[in-house]
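The lines below spell out each chain.
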2 protein chains.
Amino acid sequence: MSTMAMKDEDPRPALSRQRVVHAAIAHADSAGLDALTMRQVAGMLQVAPMALYRHISNRDDLIDAMIDVLFGEIALPLGGTDWKTAMRDRAMSLRDVLARHRWAIGLMESRRRPGPANLRHHDAVIGKLRSAGFDIAMVAHAYSLLDGYIYGFALTKMNIPFNTTDEMAAMAQDMFEPFPANEYPNLAEFVTDHVMKPGYDYGEEFEYGLDLILNGLEGALTA
Amino acid sequence: MSTMAMKDEDPRPALSRQRVVHAAIAHADSAGLDALTMRQVAGMLQVAPMALYRHISNRDDLIDAMIDVLFGEIALPLGGTDWKTAMRDRAMSLRDVLARHRWAIGLMESRRRPGPANLRHHDAVIGKLRSAGFDIAMVAHAYSLLDGYIYGFALTKMNIPFNTTDEMAAMAQDMFEPFPANEYPNLAEFVTDHVMKPGYDYGEEFEYGLDLILNGLEGALTA
DNA sequence: ACCTGAACACCGTTCAAGT
DNA sequence: ACCTGAACACCGTTCAAGT
């Protein structure tokens, strides 16, 4: 077997910053932030841990790059539609990005060196609100309220320790078991009559709150 | 020197679950979640790491206990006042607790075995809303919206990579430096004309959003 | 009963080599 | 130019001792 043939059969394409960043995102998506270690990312790519440092300067630099890829996945609020539709679509898109990349929720707004997709996203959102007649103080109100809600909902949903009605039922059992019966009657009623009902999905609450906020902002804008 | 005198001079009181939990909270408050390691908490208490395992079963059990202490610090919405005042006070109190214990933001609603203070808090909030005329579906809307916003605002504020106007100015410099001038005009205007103005404090946005949400819920309740 | 020390299987990152 | 292996200073947790 010639060395030429050996090369053709080499299952490892050359490493690159792009390949490292995308492997890291895929790994964090499936295994979580705790599993996002240099050693595990290197394992995904079948290289020694230290090979990564040729392409990224350290773990924080890797996370910077991963977050900018995610900002690129958020649909930008474009020129055509009114501000309310644009902000609603952008909120739903950001919600979807955070659901796909749960590990990123606490990291999106924490970058000391935001990348181009990050800056472009914030520029587009602010521009859309400004051209709809929001003054700068009102932009600050609206952005803080919307993003507070979007990230907070994503955080709460991510951390909720159950996903299905069955899991909730099991957890409710464990939850009340150590305490006297009827010690927490309002919570018990809420859990049994609402959360444990078939078809309950916490995720569906998102749009109720989003629309309440958008309507409130509209009222403040026209006042 | 007698062994009796040695005992009197021993600077280490006996370990207890309470002492471990409170030392861990104090350490996480000052050094952050990454520094909340068994070895560092043990160091605080001047014992060997393994001494902690006599009083807690593992790191997760320690965090469970820490979170329940924090729930105990939130002012309960009591009987006297109307629901809006009660929810506003409770939101401000939770905001303050999260500001004192920033490491806890992602952990408060993630416990598979919530402690008594946790359950008592949720029971009181739900009870207050129910007795004000919210039906169960509306309680779910209100709770999800309020807590989404409160936790999300705390998360964003915690992660924002600057605290003072000076830090923001330094960061703005670094932020736009790698890109062509006027590449992000809306963001640049927002930063220079609002965020970098003397007296700017992101934290002050909290009450604007909170009141907008409470007014929206009031409208939905009376409708 | 309560605490300890060594050990195991992990981390991120530095450094000096290897090809 | 690009990747590697050993090493260092850390983790949480198990186990067998120590007092």
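Within each chain, residue numbers correspond to sequence positions counted from 1 in written order. Lettering for chains starts from A, numbering for ligands starts from 1, and both go in the order in which the items are written. Totals for whole chains, interfaces and linings use all residues, but because this is a predicted model, local features are given only for residues with pLDDT of at least 70 and pairs of side-chain atoms are given and counted only at 80 or more. The basis for every side-chain value is the complete set of heavy atoms in the structure, and neither hydrogens nor water enter the calculation.

Engineer: Summarise the interface of chain B and chain A; cite the residues concerned and give the values.
Structural biologist: Contacts were defined at the residue level, with two residues in contact if any of their heavy atoms lie within 4.5 Å. With 56 residues of chain B at the contact, the number on the chain A side is 56 residues. Here chain B and chain A share an interface that buries about 5,000 Å² over both sides, 69% of which is from carbon and sulfur atoms. The rule for a salt bridge is simple: a side-chain nitrogen of Lys or Arg has to be within 4 Å of a carboxyl oxygen of Asp or Glu. Here chain B and chain A share two salt bridges between them. Pairing of N or O atoms within 3.5 Å defines a polar contact, subject to two protein rules: one partner must be a possible hydrogen donor and the other a possible acceptor, and residues neighboring in sequence count only if both atoms are side-chain atoms. One can count 10 residue pairs in polar contact (both at pLDDT 80 or more) joining chain B with chain A. Only DSSP runs of H or I reaching four residues or more are called helices, and only runs of E reaching two or more are called strands; each is numbered from the N terminus. Sorting the residues of the side of chain B that touches chain A by element identifies α6 (116–131), α7 (136–159), α8 (165–176), α9 (185–195) and α10 (205–222) of chain B as the ones contributing at least two each. Buried area counts how much accessible surface, traced with a 1.4 Å probe, disappears from two parts once they are put together, with both parts' losses summed.

Engineer: For the side chain of Lys-128 of chain A, give the residues involved together with the corresponding values.
Structural biologist: Residues and elements named next belong to chain A. Tracing the chain through its elements places Lys-128 in helix α6 (residues 116–131). Buried charged residue Lys-128 carries no salt bridge. Nearest counter-charge: Asp-82, at 7.3 Å. A polar side-chain atom of Lys-128 sits 2.6 Å from the main-chain carbonyl oxygen of Thr-81. Leave out the neighbours within four places in its chain, and Lys-128 touches Pro-77, Leu-78, Gly-79, Gly-80, Thr-81, Asp-82, Trp-83, Ala-86 and Met-87. Each residue gets one of three labels from its accessible area relative to the maximum for its type: buried under 20%, exposed over 50%, partly exposed in between, using a 1.4 Å probe on protein chains only. Two residue types count as positive, namely Lys and Arg, and two as negative, namely Asp and Glu; His and chain ends fall outside the count.

Engineer: How would you sum up the environment of Asp-89 of chain A? Please name residues and give values.
Structural biologist: All names here are of chain A. Checked against the element boundaries, Asp-89 lands in helix α5 (residues 83–100). Owing to a relative accessible area of 46%, Asp-89 belongs among the partly exposed residues under this scheme. Residues Asp-89 and Leu-210 lie 121 residues apart in sequence; the distance between their C-alpha atoms is 11 Å.

Just geometry here; none of it tells us what the structure is for.
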